[in-house]
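Below are the chains, spelled out letter by letter.
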Amino acid sequence: MTLDQSALLELSSALRSADGDQMMRMMLAAMLQALVDAEATEKIGAGRYQRSDTRTTSRNGTRPKTVSTTAGDVLVKIPKLRSGSFFPSLLEPRRRIDVALHAVIMEAYVHGTSTRKVDDLVAALGVESGISKSEVSRICADLDADVTAFNTRDLSAQAFPYVFLDATYCKARIGGGKGGKGSRVASQAVVVATGVSADGRREVLGFAVGDSEDGAFWTAFLRSLKARGLHGTALVISDAHTGLKQAIAAVMIGSSWQRCRVHFLRNALAQVPKASQEMVAAAVRTIFAQPDAEHVRDQLEVIATMLGRQFPKVEAMLRETSDDLTAFADFPPAHWKKIWSTNPLERVNKEIKRRTDVVGVFPNPAALLRLAGAVLVEQHDEWEAGDRRYFSEA
């Protein structure tokens, strides 16, 4: 990893006239270039102009690569090969999620809509003055193409007997003119659908961002899934989001709805004094500990009657949602624990929130969809690559 004599002399001359920051960037660039050249030599099997029996190809010029560092942007030259390809492992392309996060931060920064949190991230990346609006637009366009292709792919190849729906909330600027002038910060719903296919594997089916999580929004989202070929759905699992049950009935004809037991219990306990919450929770859980559908529904009647003496609101809730709370019981008992709540999707939402919380306020809804979409595409790829199935078969 040594520089030749002429390169050292050139570097020495440049360093003598450089200020502190420039000196650091020049030294870093020289070090990175030496590492890149060393790896290229190993790949080729010979150094520049070197005759060797181990040579597999030869250099064919270079292409520039800008690397963002905490010392600022530095330029390195990546050798091109006459046959084959080469990209240094030190500069391996980042994961799609990391690229999306970088794009969101830079978009907010270059358009002047960044918050203090985003400004701090820009400083940490060391790219305050090293990225242009056109470069940000190019990165965003590439990401949008990937996310859109995934979110519009055909779903008709296989049936998805189980579909999970949930939403999480993030903040983004909406309205206003070009550059964000006159915009306001508003809560945006990120809705996600995952499915379990007939062979027991999980997939991310789709996602969307909207101003409000109402019935019209859910209906449009479900129709988009159906238009892409979603079929064979027997059970939809979700919380009691506004308008969702009606949207499922209107769009997912023939599908049952399972109300998430975790969210239901949380809502029920809100009607109970704290001292009695543990007892009520234990009683409700016995409904889900029965061996078959008949006993599940009988137990709900028993618990509703028992709790009604002291907590009439809880009894009313149980009776009003009895069919939806016990819809899981009409499916194979081996699947019950994984279809009576949206817990599996909650973990996906937590990963979305972990990534979006880094940004805080997004410059626009499209930026939010871009980052959330990148997270979901990565999750889908992990499920596809894994050997474990969610069910042995659905």
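Just so it is clear, the model here is predicted, and its values are computed rather than measured.

Visitor: How should the nonpolar core be read in this particular structure?
Guide: If you look at soluble globular proteins, the nonpolar side chains tend to sit buried side by side. Residues Tyr-162, Phe-164, Ile-287, Leu-307, Leu-318, Phe-328 and Ile-339 are the most contacted members of the largest nonpolar core, which totals 57 residues. A per-element tally of this core places helix α15 (residues 365-385) first, with eight residues. In contact with Ile-339, not counting residues within four places along its chain, are Tyr-162, Phe-164, Leu-235, Ile-237, Gln-258, Phe-328, Phe-331 and Phe-391. Ranked by size, the runner-up nonpolar core spans 22 residues in total, among them Leu-165, Ala-167, Leu-205 and Ile-248.

Visitor: Help me understand the environment of Ile-78, please; the structure alone is not making it clear to me.
Guide: Considering the arrangement of structural elements, one finds Ile-78 in strand β2 (residues 72-81). In this structure Ile-78 comes out as buried when scored by relative accessible area, which is 0%. For the pair Ile-78 and Pro-64, spaced 14 residues apart in sequence, the C-alpha to C-alpha distance is 6.2 Å.

Visitor: What exactly am I supposed to notice about the pairing of strand β4 (residues 184-196) here?
Guide: Side chains on a regular strand alternate between the two faces of the sheet. Taking burial as the measure, the 13 residues of β4 include 10 buried ones, the bulk of the element. Alignment of strand β3 (residues 162-174) against β4, held across 13 bridges, turns out to be antiparallel. From the neighbouring strand, Cys-170 faces β4, where its bridge partner is Gln-188. Direction of pairing for β4 relative to strand β5 (residues 202-210): antiparallel, over a ladder of eight bridges. Residue pairing in the sheet places Val-190 in a bridge with Val-209 of β5. Between β4 and β5, which pair antiparallel in sequence order, lie five residues; one of them, Gly-200, sits at a positive phi of approximately 90°.

Visitor: What should I look at first to understand the pairing of strand β6 (residues 235-238) in this one?
Guide: Here β6 shows two buried faces, one formed by Leu-235 and Ile-237 and the other by Val-236 and Ser-238. Inspection of the sheet shows β3 paired to β6 by three bridges, in the parallel sense. Opposite Val-163, over in β6, you have Val-236 as the bridge partner. Relative to strand β7 (residues 256-259), β6 runs parallel, the two being bridged by four bridges. The partner of Ile-237 across the bridge, within β7, is Gln-258. Crossover β6 to β7 through helix α7 (residues 244-251) is right-handed.

Visitor: I keep staring at the environment of Thr-342 and nothing clicks. Help me out?
Guide: Mapping Thr-342 onto the fold places it in the loop between α13 (336-339) and α14 (343-359). Remark: the alpha-carbon pair of Thr-342 and Arg-261, spanning 81 residues in sequence, is separated by 8.3 Å. Residues in contact with Thr-342, not counting those within four places in the same chain, are Phe-164, Leu-165, Asp-166, Ile-237, Ser-238, Asp-239, Cys-260 and His-263.

Visitor: Explanation requested: the packing of α14 against α15 in the structure shown.
Guide: At their nearest, the axes of α14 and α15 sit 10 Å apart, and the two run at 140° to each other. By the angle between their axes, α14 is oblique relative to α15. Both α14 and α15 take part in a crossing whose hand is right-handed. Where α14 abuts α15, its residues Val-348, Glu-351, Ile-352, Arg-355, Thr-356 and Val-359 lie against Leu-368, Leu-371, Ala-372, Val-375, Leu-376, Gln-379 and Trp-383.

Quick notes on the rules
- Residue positions are counted from 1 within each chain, in the order its sequence is given.
- At least 70 in pLDDT is required for a residue's local features to be given in this predicted model, at least 80 for side-chain atom pairs to be given and counted, and no such filter applies to totals for whole chains, interfaces and linings, which use all residues.
- For the side-chain quantities, the full set of heavy atoms in the structure was used; hydrogens and water were omitted.
- To qualify as a nonpolar core, a set must consist of buried Ala, Val, Leu, Ile, Met, Phe, Trp, Tyr and Cys residues joined through side-chain atoms within 4.5 Å.
- Relative accessibility thresholds used throughout: buried, under 20% of the residue-type maximum; exposed, over 50%; partly exposed, between the two (1.4 Å probe, protein chains only).
- Helix and strand assignments follow DSSP, with helices taken as H or I runs no shorter than four residues and strands as E runs no shorter than two, numbered in order from the N terminus.
- Note on definitions: a residue-residue contact is assigned when non-hydrogen atoms from the two residues lie within 4.5 Å.
- Two strands qualify as a pair provided that DSSP identifies no fewer than 2 bridges between them.
- A clockwise path from the first strand over the helix to the second, with the strands pointing away from the viewer, defines a right-handed crossover.
- Note on geometry: axes are C-alpha line fits, over the in-contact stretch for helices, and angles between N-to-C directions span 0 to 180 degrees.
- Between 65 and 115 degrees an angle is taken as roughly perpendicular, under 35 as roughly parallel, over 145 as roughly antiparallel, and anywhere else as oblique.
- Take the far helix as the reference: if the near one is turned anticlockwise from it by less than a right angle, the crossing is left-handed, and if turned clockwise, right-handed.

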